[in-house]
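Remarks on the overall topology
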Amino acid sequence: MSGIFHLKRSGTQYMFNLKSSGNGEVVLTSERYTTKQNAEAGIASVKANAPYDARYQKLTASNGSPYFTLTATNGQVIGVSESYSSTTARDNGITWVKTHAPSAPTVDLT
C-alpha cells in the first residue's frame, strides 16, 4: 500500500488530498490555493516536510477525536489529517505519511 496525491479544483481554487492507494482513504487534506502552481508547491512542501517528527502536531478535535497537522518549516499548516478513532490510529497515520508522502506520485484531476 502506497500513497498518491490527487490535485483537484475546488470551485475557483485548487487543493490536494494525499490518499492511500490501497483503500482510497484520504489521509491528509490541504488548504485551498488560489493557483494550481501554489497547490503544486504545497504538494512539494508536504513531500519535503513529511519525514520530520517536528513538523507534526498531534491535536484533539472538539468532539474528542485525535488528528494531526503537518507544518512547513515556517510553521504554516500544509496538511490536516482525517479524524481518528484513537491516538494509536492517529500515530499510525503520521507514520504512514512519513513513509509514503515523500515518494507519492501526483495525479492531476484539474
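See the structure printed just above.
Observations regarding the nonpolar core
For soluble globular proteins, nonpolar side chains are generally found buried alongside one another. In terms of nonpolar packing, the biggest core is built from 23 residues, with Phe-5, Leu-18, Val-46, Tyr-56, Phe-68, Val-97 and Ala-101 touching the most fellow members. Residue assignment for this core shows that the elements contributing at least two residues are strand 1 (3–10), strand 2 (13–20), strand 3 (26–29), helix 1 (36–49), strand 5 (66–71) and helix 2 (87–100). Leave out the neighbours within four places in its chain, and Val-46 touches Phe-5, Phe-16, Leu-28, Leu-70, Ile-78 and Ala-101.

Some thoughts on the sheet that holds strand 2
The strand order 4-5-6-3-2-1-7 describes an open sheet built from seven strands, whose pairing is mixed. Because the sheet does not close on itself, it has two edges, and the strands there are strand 4 (56–60) and strand 7 (106–108). Looking at each pair of strands side by side, their axes are set apart by 25° on average, direction ignored. Relative to strand 3, strand 2 is paired through three bridges, and the arrangement is antiparallel. Each residue of the ladder has a partner; that of Leu-18, found in strand 3, is Leu-28. The strands that helix 1 touches are strand 1, strand 2, strand 3, strand 5, strand 6 (77–81) and strand 7; relative to strand 1, the one it contacts most, it runs at about 155°.

A closer look at the pairing of strand 4
Sheet topology places strand 4 next to strand 5; five bridges connect them, and they run antiparallel. Across the sheet, the residue bridging to Leu-59 is Tyr-67, located in strand 5. Taken together, strand 4 and the strand that follows it, strand 5, pair antiparallel across an intervening segment of five residues, in which Gly-64 is found at a positive phi of about 90°.

What to know about the packing of aromatic side chains
For the structure on display, the rule yields four aromatic pairs. Plain terms: the ring middles of Phe-16 and Tyr-33 are 6.3 Å apart, the flat faces sit at 15° to each other, and that makes the pair stacked. Here Phe-16 is found in strand 2, whereas its partner Tyr-33 is found in the loop between strand 3 and helix 1, with 17 residues between them in sequence. Pair check on accessibility: Phe-16 and Tyr-33 agree, each one buried. Look at Phe-68 and Tyr-84: their rings are 6.2 Å apart centre to centre, the planes differ by 15°, and that puts the pair in the stacked class. Taken as a pair, Phe-68 in strand 5 and Tyr-84 in the loop between strand 6 and helix 2 lie far apart in primary sequence, 16 residues in all. Comparing Phe-68 with Tyr-84, the two get one shared label, buried.

Side note on the pairing of strand 5
Counting buried positions along strand 5 yields five of six residues, so the element is predominantly enclosed. Judged from the three bridges that link them, strand 5 and strand 6 form a sheet pairing that is antiparallel. The partner of Leu-70 across the bridge, within strand 6, is Gly-79. Following strand 5, the chain reverses through five residues before pairing antiparallel with strand 6; Gly-75 in that reversal takes a positive phi of roughly 90°.

Calculation notes
Residues numbered from 1 in each chain as written. Predicted model: local features only at pLDDT ≥ 70, side-chain atom pairs only at ≥ 80, totals over all residues. Heavy atoms only, no water. Core = buried A, V, L, I, M, F, W, Y, C linked by side-chain atoms within 4.5 Å. Buried < 20%, exposed > 50% of the residue type's maximum accessible area, 1.4 Å probe, protein only. Helix = DSSP H or I, 4+ residues; strand = E, 2+ residues; numbered from the N terminus. Contact = heavy atoms within 4.5 Å. Pairing = 2+ DSSP bridges. Axes fitted to C-alpha atoms, helices over the stretch in contact; angles between N-to-C directions. Phe/Tyr/Trp six-rings, centres within 6.5 Å; stacked < 30°, edge-to-face > 60°.

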